[in-house]
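Chain by chain, the residues:
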Amino acid sequence: MLAVFSEARGVVVQKAIFTLGDRVQIYASDLYDNQLTVTVIEAGPTDAMCCPTQMTRKTLRLENDELVEKDSTVLGFLSFETLAGSRWTLHPENEDQPPEGTTVNIKFSNQLISGNAGCNRFKTIVSQGAENTALSTGQVALTRRYCNAPLDVWEKRFSELLGSATRFQFLLGDLLLIGESGRLRLRRA
């Protein structure tokens, strides 16, 4: 669900509400000149409700205190290739956190995830799994730069989380890499 609020004289009031759909994931959004464009991942014609893969761009406009859908365009289907060329950083609300002041950068290419884990650079080979949102990562390779103890412990945990990732999904525009060891929550860089 999307909601539009306004504020006047310190009072916040709900202006409009719009239902995006059932079990929809928000991939990206953009607001410009009273028009909201939201790219969502929703269940396509052959998807189970649990596992949406259809990417749809919806254009909404605020008119007379209502969010009105002006356009809905199917863009294709989500796959690991969707992430190619994208850059991400560790979300501040990730369950596992690096030491304070540490920045984690991640870049996706066609068959590689690489970046900086805080002290050392890393890379791992990645491939599309059997389902659209399934993936398979190889062993995570880290450079061997000396890091202080808390950062060294973090990088081992990060390698474990990334190396165990078996699927991905989106949460309010954030990317979740999910595996047996836990999950990584990333935001666009």
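Per an unreviewed UniProt entry, the protein chain goes by the name Conserved domain protein and belongs to Luminiphilus syltensis NOR5-1B.

(A) Spotlight on helix α1 (residues 149-163). Along its 15 residues, α1 runs 21 Å from first to last C-alpha, staying within 8% of the 21 Å computed at 1.5 Å per residue. The N-cap of α1, judged by a side-chain oxygen 3.1 Å from the amide nitrogen of L151 a few residues on, is N148.

(B) Representation of the sheet that holds strand β4 (residues 35-42) in the model. The strand order across the open sheet built from 4 strands is β3-β4-β5-β6, with neighbouring strands paired in antiparallel fashion. Either end of the sheet is taken by a strand with one partner, and the two such strands are β3 (25-32) and β6 (66-77). Strand-to-strand twist in this sheet, taken as the mean axis angle between neighbours without regard to direction, amounts to 20 degrees. Two elements, β4 and strand β5 (residues 54-63), share 8 bridges in a ladder whose sense is antiparallel. Residue pairing for β5: E42 is matched across the bridge by Q54.

(C) Just the UniProt feature "domain: DUF306" (unreviewed entry) in the protein chain, in detail. This chain's UniProt record puts "domain: DUF306" (unreviewed entry) on residues 81-186. Secondary structure across residues 81-186 comprises 14% helix and 42% strand; the distance between its end C-alpha atoms is 17 Å.

(D) Up close: the environment of T82. Mapped onto the fold, T82 is located in the loop between β6 and β7 (87-90). Residues T82 and V4 lie 78 residues apart in sequence; the distance between their C-alpha atoms is 29 Å. Engagement of the side chain of T82 in a polar contact is seen with the backbone oxygen of S79, the distance being 2.9 Å.

(E) Structural view of the state of the cysteines. Per the stated rule, a full pass over the model turns up 2 disulfides. For C50, the disulfide goes to C51, at an S-S distance of 2.4 Å. Handedness of the C50-C51 disulfide follows from its S-S torsion of about -80 degrees: it is left-handed. Owing to a relative accessible area of 57%, C50 belongs among the exposed residues under this scheme. Note on cysteine connectivity: C119 is disulfide-linked to C147, with sulfurs 2.2 Å apart. Looking down the S-S bond of the C119 and C147 bridge, the torsion is -95 degrees, so its handedness is left-handed. Of this pair, C119 sits in the loop between β9 (112-116) and β10 (121-128) while C147 sits in the loop between β12 (141-142) and α1; the two residues are 28 residues apart in sequence, bridging distant segments of the chain. With a relative accessible area of 9%, C147 lands in the buried category. For the protein chain, numbering the cysteines in disulfides from first to last along the sequence yields the connectivity 1-2, 3-4.

Here is what the cut-offs are and how they apply
Residues numbered from 1 in each chain as written. Predicted model: local features only at pLDDT ≥ 70, side-chain atom pairs only at ≥ 80, totals over all residues. Heavy atoms only, no water. Helix = DSSP H or I, 4+ residues; strand = E, 2+ residues; numbered from the N terminus. Expected span 1.5 Å × (residues − 1). Polar contact = N/O pair within 3.5 Å; in protein donor to acceptor, adjacent residues only side chain to side chain. Pairing = 2+ DSSP bridges. Axes fitted to C-alpha atoms, helices over the stretch in contact; angles between N-to-C directions. UniProt positions renumbered as here; feature names shortened; annotations may be inferred. Disulfide = S-S within 2.5 Å. Buried < 20%, exposed > 50% of the residue type's maximum accessible area, 1.4 Å probe, protein only.

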